[in-house]
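Close look at the chain arrangement
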Amino acid sequence: MAERYNLGDACFERAVHEAGSSMRAVANAGRVLIGDDQADVLEALRLLLKGEGFAIEPAASPSAVLAALEAREFDVILMDLNYTRDTTSGQEGLDLLTRIQAIDSMVPVVVMTAWGSVELAVEAMRRGARDFIQKPWDNARLMTIVRTQMELSAALRRGQRLEAENRLLRAEGRPTMIAESPAMQPVLQLIARVGPSDANVLITGEPGTGKDVVARTLHAVSNRASKPMVTLNAGGLAEGVFESELFGHVKGAFTDAKADRVGRFELADGGTLFLDEIANVPVNLQAKLLRVLEIGEMERVGSSKTRRVDARVISATNANLTEEVAAGRFRQDLLFRLNTIEIHLPPLRERHEDIPLLATHFLGTHARRYRKALQGFDPLALQALVENPWQGNVRELNHVVERAVLMAQDRVVRPGDLALRSGSQTAGRLEDMSLEEVEAFLIKKALARHNGNVSHAANALGLSRSALYRRLQRYGL
Ligand SMILES: Nc1ncnc2c1ncn2[C@@H]1O[C@H](COP(=O)(O)OP(=O)(O)OP(=O)(O)O)[C@@H](O)[C@H]1O
Ligand SMILES: [Mg+2]
């Protein structure tokens with residue numbers, strides 16, 4: 001069994017290595033983003049820097065700077081602090097600086113100010129600018145600053161990447177994730193590639209396909225691994241408490257608010273916020289969520305004090321969010337914020353190759369837990385596992401193996417210990433099922449009919465959302 005895990009890790013290492021080399025290729029370009037609203041300044045800087053062999057991207061407004069930064073990585077940003085809306089205070093430039101850092105905290109920013117506005121330059125440095133230059137500038141000095149910052153940033157990024165790669169290879173805090181099948185390779189590669197970044201990731205897939213496992217892996221390989229990953233399950237919460245769970249509240253904000261309470265967003269500051277069952281976020285709260293994601297600021301319920309939060313958001317759903325958007329139940333702008341990167345987990349029936357590995361892994365875990373001396377599966381039992389349709393995916397496989405471990409009387413698990421039943425038989429013979437089995441069956445049907453949306457399925461079944469949640473957990477659905 002140990003050998004198999006090593007294979008899994010080798011796979012992961014390869015994916016990490018490939019992701020690492022493609023990131024390095026991007027960093028080699030020597031790319032400078034220039035933000036200034038004066039066409040002659042842009043042109044002069046473009047000529048100067050181009051002459052030194054840099055790739056230049058001009059941006060004539062703060063929004064153009066942000067759009068360029070969202071689109072690709074830069075090595076240095078050289079930007080003016082004054083733009084047309086307000087040409088002297090530098091406020092627009094300072095705001096831009098803050099927003100740049102929210103998108104990419106590693107990119108060095110050099111600000112340009114008019115002669116005599118040293119105070120503004122100092123304020124910009126306080127907010128994270130790495131250096132400043134006064135206009136009209138001295139070409140030689142400007143080039144020295146740009147080169148120095150470029151080298152520093154390359155070294156920093158290299159260090160950060162190496163650290164992330166090392167962490168991946170050391171497997172610190174990484175949950176066991178078995179994924180040898182061809183269908184899972186794109187998933188592994190995406191994890192390796194985007195894990196170390198701060199990008200928001202949306203994980204999709206049928207229930208039980210491993211979305212939690214992927215979320216925890218992403219956090220474990222990120223630069224935030226030493227900080228907490230805080231989970232909020234949007235499906236398990238009554239609508240009324242959702243907002244205060246997410247943002248916290250102050251004493252007296254509503255009748256039951258007896259004391260101040262810190263919300264999950266603040267708890268996840270510096271770390272990762274995992275929003276599970278995201279399709280169930282009530283529509284009226286989607287706008288508030290969007291705002292935090294866009295500007296990194298929020299208020300506790302009942303308070304007007306704005307707080308900055310820096311949480312990387314990973315979300316997961318088994319619903320089809322595009323359909324939810326079309327039906328008016330989910331905001332499109334929120335979807336676009338959440339799914340910067342989407343990782344789709346294929347159902348277990350599309351990754352047969354992984355079934356023996358997963359089953360053996362679960363067998364080991366449960367045999368240890370129940371203190372049973374089991375060596376593995378009888379070949380026919382393994383074949384039955386591989387051929388089963390697994391509507392409940394990996395979670396169902398885990399439950400079936402757990403039961404089999406308890407039932408097994410020999411040193412190996414026999415087909416009879418598995419108690420597998422095919423989906424069609426289940427559907428045809430309601431009268432042979434126990435009450436619990438019928439309930440589980442009806443819940444599965446309702447979820448399928450409502451695209452995995454727990455609120456709607458609960459409505460259709462005449463249950464509250466939390467009551468349905470408890471049943472989902474009980475039946476391992
Ligand atoms: N690739 C994997 N390797 C090992 N264990 C896995 C893998 N995928 C899932 N599991 C295990 O299967 C169970 C279900 O996985 P998980 O909770 O991540 O699914 P999910 O997609 O989040 O389900 P849901 O939609 O119900 O929230 C867990 O016990 C998890 O540890
Ligand atoms: Mg889950």
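For the structure itself, look to the data block above.
Rules of the game
- Numbering of residues starts from 1 in every chain and runs along the sequence as written.
- Following the order in which they are written, the chains are lettered starting with A and the ligands numbered starting with 1.
- Only residues with pLDDT of at least 70 are given local features in this predicted model, and only at 80 or more are side-chain atom pairs given and counted; all residues enter the totals for whole chains, interfaces and linings.
- Hydrogens and water are ignored here; the side-chain numbers use all heavy atoms of the structure.
- We define a nonpolar core as any set of buried Ala, Val, Leu, Ile, Met, Phe, Trp, Tyr and Cys residues linked to one another through side-chain atoms lying within 4.5 Å.
- Using a 1.4 Å probe on the protein chains alone, a residue whose accessible area is under 20% of its type maximum counts as buried, one over 50% counts as exposed, and one in between counts as partly exposed.
- Numbering goes from the N terminus for both helices and strands, where a helix is a DSSP run of H or I of at least four residues and a strand is a run of E of at least two.
- Residue contacts are counted whenever heavy atoms from the two residues lie within 4.5 Å of one another.
- The pairing criterion for strands is at least two bridges between them, as found by DSSP.
- Note on definitions: angles span 0 to 180 degrees between N-to-C directions of axes, and those axes are lines fitted to C-alpha atoms, for helices only across the stretch in contact.

1. Points about the nonpolar core
Membership of the largest hydrophobic core comes to 31 residues, with the highest contact counts inside it found for Leu-246, Phe-265, Leu-273 and Ile-278. Secondary structure elements with two or more residues in this core: strand S7 (229-233), helix H9 (239-247), strand S10 (272-276), helix H11 (283-295), helix H12 (321-326) and helix H13 (332-338). Among all residues touching Leu-246, those that are not within four sequence positions of it are Leu-232, Gly-263, Arg-264, Phe-265, Leu-273, Leu-275 and Leu-289. One finds Leu-358, Ala-367, Trp-390 and Leu-418 within the second-largest nonpolar core, a separate group that totals 23 residues.

2. Digging into the sheet that holds S7
Read from one edge of the open sheet, five strands run S7-S10-S13-S6-S14, paired in parallel fashion. Looking at strand neighbours, the two that pair on one side only are S7 and strand S14 (341-344), the edges of this open sheet. Neighbour to neighbour, the strand axes of the sheet diverge by 20 degrees on average, direction disregarded. In this sheet, S10 lies alongside S7 in parallel orientation, the contact comprising five bridges. The partner of Asn-233 across the bridge, within S10, is Asp-276.

3. Considerations on the sheet that holds strand S2 (residues 55-59)
Hydrogen bonds between backbone groups are what pair the strands of a sheet, and the pairing can be parallel or antiparallel. The strand order across the open sheet formed by five strands is S2-S1-S3-S4-S5, and the pairing between neighbours is parallel. Edge positions in the sheet fall to S2 and strand S5 (131-135), since each of these pairs with one other strand and no more. Strand-to-strand, the axes of this sheet are offset by a mean angle of 20 degrees, without reference to chain direction. Two strands pair when backbone bridges link them, and strand S3 (residues 76-80) and strand S4 (residues 109-114) are joined in this way by four bridges, in the parallel orientation. Paired with Ile-77 across the two strands is Val-109, which belongs to S4. Relative to the sheet, helix H5 (residues 118-126) contacts S4 and S5, its axis offset from that of S5 by approximately 155 degrees.

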